[in-house]
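Single-letter residue listing:
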Amino acid sequence: MSSAYQYYAITLLVYFGVNTIACWGLNLQYGIAGVLNFAFILFQSLGAYIASVLSLGPAEGSTFQTYVLGATLPFPVPWLVATAAGGLLALAVAAFALRPARRDFQAMVMLVVSIIAAILVVTEPSWFNGQRGLAAVPKPFVDHFSGGLIQYGWFYVAMTGGVCLLVYWFVHRMTGSPWGLRLRAMRENAEALSSLGVNVKAESVKVYVVGGAMAALSGAVLVQFIGGWSPGSWTINETFLYFVAIIVGGAGNNAGVVLGAALVLGLFQEALRYLPAFGYAGLAESIQFMALGVLILAFLWWRPGGLIPERRRTYRAPRRPAPGGPT
Amino acid sequence: MSAGPAATPGPAALAVADLRVTYGGVHAVDGATFEVPEGRLTGLIGPNGAGKSTVLAVIAGGRRPSGGRVVLNGQDIAGWPAHRVARRGVIRTFQLSSEFAHLTVLENLIVAAPEQRGAGFGGALLGKRYWRAQQAQIVARADRLLDEFQLGPSRNLYAGELSGGQKRLVEIMRGLMAGPSLLLLDEPLAGVNPSLRLVVESHLIRLRDQGLTMIMVEHELPTVERCCDSVVVMARGRVLAEGSMAQLRKDQEVIDAYLVG
Amino acid sequence: MPGLGFGLVTAAILTLGSVGFSLQFGVSNIFNLAYGDVMTVGAFAAYLVNTVGHASIWLGMAAGAVAGSAASTAINTFVYRPFLRRGTALFAMVMVSLAVGTILENGIQAIAGPSYRGYRVTPEKSLHLLGMLLTARQLTVMAIAVACMTALHVILRYTRIGRAMRATAANAELARSCGVGTGRVTTLAWAVSGALCGTSGVALALNLASFNFTVGSSFLLVVVASAVFGSVGQPYGAMAGALVIGVASELAAIVSPSLKQVVAFVLLAIILLVRPNGLWPGTYLQKMEMAAR
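Here the structure is a predicted model, which is why all the values come from computation and not from measurement. (Residues numbered from 1 in each chain as written. Chains lettered and ligands numbered in written order. Predicted model: local features only at pLDDT ≥ 70, side-chain atom pairs only at ≥ 80, totals over all residues. Heavy atoms only, no water.)

Caption draft 1: The interface of chain B and chain A, seen in detail. Each partner contributes to the interface: chain B provides 43 residues, whereas chain A provides 35 residues. Remark: the boundary between chain B and chain A carries 1 salt bridge. Here Arg184(A) ties to Glu107(B) by a salt bridge, and the two come within 2.7 Å at their closest N and O atoms. On the surface where chain B and chain A come into contact, there are 10 residue pairs in polar contact (both at pLDDT 80 or more). Ranked by residue count, the leading element in the side of chain B that touches chain A is helix α5 (residues 128-148) of chain B, at 7 residues. Tallied by class, residues from the side of chain B that touches chain A come to 24 nonpolar, 10 polar and 9 charged. (Contact = heavy atoms within 4.5 Å. Salt bridge = Lys/Arg side-chain N within 4 Å of Asp/Glu carboxyl O. Polar contact = N/O pair within 3.5 Å; in protein donor to acceptor, adjacent residues only side chain to side chain. Helix = DSSP H or I, 4+ residues; strand = E, 2+ residues; numbered from the N terminus. Nonpolar A, V, L, I, M, F, W, Y, C, P; charged D, E, K, R; others polar.)

Caption draft 2: Region of interest: the packing of helix α10 (residues 236-249) of chain A against helix α12 (residues 283-302) of chain A. Residue and element names in this part refer to chain A. With their axes 10 Å apart at the nearest point, α10 and α12 run at an angle of 35° to one another. The way α10 lies across α12 gives a crossing that is left-handed. On the side of α10, the interface is formed by Asn-237, Phe-240, Leu-241, Val-244, Ile-247 and Val-248, while α12 contributes Phe-289, Leu-292, Gly-293, Leu-295, Ile-296, Phe-299 and Leu-300. Broken down by class, the residue content of the contact of α10 with α12 amounts to 11 nonpolar, 2 polar and no charged. (Axes fitted to C-alpha atoms, helices over the stretch in contact; angles between N-to-C directions. Left-handed = near helix turned anticlockwise from the far one by under 90°.)

Caption draft 3: Fine view of the sheet that holds strand β9 (residues 230-235) of chain B. All names here are of chain B. Reading across the sheet, the 6 strands line up as β6-β7-β8-β3-β9-β10 and stay open at both edges, with mixed pairing between neighbours. Only two strands of the sheet have a single neighbouring strand rather than two, namely β6 (90-92) and β10 (238-243). The mean angle between the axes of side-by-side strands here comes to 20°, regardless of whether they run parallel or antiparallel. In the sheet, strand β3 (residues 41-45) pairs with strand β8 (residues 213-217) via 4 bridges, with the strands oriented parallel. Within β8, the position partnered with Gly-43 by the bridge is Met-216. Against the sheet, helix α7 (residues 194-209) makes contact with β3, β7 (182-186) and β8, and its axis sits at roughly 150° relative to β8, the strand it touches most. (Pairing = 2+ DSSP bridges.)

Caption draft 4: Broad picture of the sheet that holds strand β1 (residues 12-23) of chain B. All names here are of chain B. Strand order in the open sheet made by the 4 strands is β2-β1-β4-β5, with antiparallel pairing throughout. In this open sheet, the two edge strands, each paired with only one partner strand, are β2 (26-37) and β5 (75-76). Two strands pair when backbone bridges link them, and β1 and β2 are joined in this way by 9 bridges, in the antiparallel orientation. By the bridge assignment for β2, Tyr-23 is matched with Val-26. This element, helix α1 (residues 52-60), spans β1, β2 and β4 (67-72) of the sheet and lies at about 115° to β1.

Caption draft 5: Looking closely at the pattern of salt bridges. Considering all chains together, one arrives at 17 salt bridges over all chains under this definition. Arg187(A) is the partner of Glu310(A) in a salt bridge, and the nearest nitrogen-oxygen pair spans 3.1 Å. Here Glu310(A), found in the segment after α12, pairs with Arg187(A), found in helix α7 (residues 178-188); they are 123 residues apart in sequence, far enough to count as distant. Overall, the relative accessible area of 10% leaves Glu310(A) in the buried class. For Arg168(B), the salt bridge is made with Glu171(B), and the minimal N-O distance between the two is 3.7 Å. You can see Arg168(B) and its partner Glu171(B) sitting in helix α6 (residues 164-177), 3 residues apart, about one turn around the helix. A relative accessible area of 5% places Arg168(B) in the buried class. (Buried < 20%, exposed > 50% of the residue type's maximum accessible area, 1.4 Å probe, protein only.)

Caption draft 6: How the structure looks around the side chain of Asp229(B). Residue and element names in this part refer to chain B. Along the chain, the position of Asp-229 falls in the loop between α8 (221-227) and β9. A polar atom in the side chain of Asp-229 sits 2.8 Å from the backbone nitrogen of Leu-41. At 2.5 Å, the side chain of Asp-229 and the side chain of Arg-208 are in polar contact.

Caption draft 7: Expanded view of helix α8 (residues 182-207) of chain C. Between its first and last C-alpha atoms α8(C) spans 37 Å; for 26 residues at 1.5 Å apiece the expected length is 38 Å, and the two agree. Counting buried positions along α8(C) gives 19 out of 26 residues, so the element sits mostly inside the fold. (Expected span 1.5 Å × (residues − 1).)

Caption draft 8: Representation of the confidence of the model for chain B in the model. Residue and element names in this part refer to chain B. Mean pLDDT over chain B works out to 87, with 94% of the residues at or above the 70 mark. By mean pLDDT, helix α10 (residues 252-259) is the weakest element of chain B at 70, and helix α3 (residues 105-110) is the strongest at 96. Considering only residues more than four positions removed or in separate chains, one finds that residues 1-7, a stretch of pLDDT under 50, has 15 contacts. Among the scores for the predicted complex, ipTM is 0.90 and pTM is 0.90. (pLDDT = per-residue confidence, 0-100.)

Structure follows, in structure tokens:
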């Protein structure tokens, strides 16, 4: 396989892995717990920014960009700190965004937060270099690879795959547990769950923090592959795309959202590349987003469960002794 | 079917004093005062708009009162959030169906069990080995309850797919799974077919005999007569009278406000 | 104080926008995230009438009102109402309205292109009025806003259909059981609020030197902020919210232009923390609790 094709495959795979991690995070928040996190992309961005500044080295050493917290921390510390930062930001946002009782209200507030954050990052270049964003973010272990970019690329794919496995282990364990069941009950009827003794607000905050941390991790993994991050990478459109992936794939089903990530974020996005260029630049993209809007409406109307809906869980009834006599 | 032991009522499990709930200029509850004796099934009846469901909502913590007190075992719980009141053993069912629709009937029950090892974030992280045994016990308990209420075959159906009456039963069972010391039932038998009604009523009486304190908002007077030890009549946000059905039938005020109209 | 003048103009535009938004929430209990894009539809309808049709901008504004009304009514009739009738959960409706907004916005972009346009209007001198600097056009916009609000007040208070709208907003089920034709009332409410939406879109575009397909959607969150501030669902609250946020954001813009939107959002966050139901919570408190189910 020629190196161009290989590099293309590597890129697709890394993006797929990153999107899978992100979708699992959003699925935990929205598909399972019913929390409409319209600020989702904000957390992925924070993870990307934090991982970047912690790998770029001190800002004073750079001639073309300014940022906070410059350091050159060894791998995997930037990723770990990025994940923690995502959780902390989620805690801060949850403090007021989860105050209203109505979930659509909460979603509005989160949307607002993500927009303000974007405005602030652009107007404060000292944070993350403003509109131009960060560039030349170093890749971990790249010096060890004398074989060139392709060999390193496959290594990065393997690393991404490793993180995916870890995240899958975590997500699978949590959603199959009584806590997962509690979150699903919260999604169905938070008031009723409250009346059974569960502190619904606290559980919402927990799931928001966990999802935020996962989103941040996905950002960290992505940024060190693509090498840069700017405000253009994180608009409402990106959050919208993740929601489409989850709804189409199957909200509430971890396998379903992987399919959604592959189809919507992978196939659909890539298909755009192969269409003959028509109209002015950007026309194809607007038609693409219109199609996505129609797709969401179609799925919400005809198949709200998605392609692979949440599966029904049956619990084995413990064997009961027959009334008298041998079993 | 007479309504249980006719002895004088014991200590009050719950006392509502001068409760007021006002919103948007409407006095939904306008100075309600009554007591609920321990280990008895108290009926709460009255015409539409009397404030009965609002009183239950305030007791259960879903609603803030504008004034008055709700004393549970000597402590004023008025204004407490719902989950805190529930932790004290006060569990309620709702007037509008509030089952967890996209969870199976069994899941509706097991999610209500208190003190679950795997239900917290940390416990879930520790994995199946930590919580599996306890969950099996909870599942067994839920299955027994399902059999008692004759809903065993619906175990793995989504609760949203059940009939209206079956949903009410699921809510009652779900409330029971939470291990209440005071159970608030808001029209629990609405939509339940007549044959099942008597079964459920006998369950309620059995629970009462086992010592569970209950308040039941009900419209069907025969049910109230059969199950309730005493009855509180409300109208226009106030308590009109308290007593047994026999006593109330003789009370002119009650007759004017409710039993006739 | 020039800032105050700008503030009042913004407040006028915001009043038209947020009252319409509030009305829609009042009757249908949903956040219409496509509202901003309907504003854009109004702005472009006026553009067509004004530039292509060579008509005055005020005729364009009327066209914008009609376009906004038609678009809003169509969206409600063909998308929102069917989904609501089906029993779609309220939080899922946000996704529905987001999808509609996306389709609309990208549709406008596809047709109109990304370039910025401006209305054909003669340049004006600013007049000095009570220490504020305003053009005749800005004063007219403010007058239109006041006229619309007065008309709305009269409709809501004194006409049968207005009372029916208020009844439906307070308690749709109760209204239905009293014989109020809630379906027709809702459609009318969407038509009226859609007209306000379209008008505010034109006013917004008129107030900017130039605009493109994002003009409405970028204003949406300020509209939501002021509607929520005044208790979403309460038109009079929305008017108060518009005044507060309109003036505050323009005063903040004097300090720094980027603060304009941030101030609106900060006010939104504060009101949510302190009084989550807004300034004017009333009977609609019930609706909040029902929706939380």
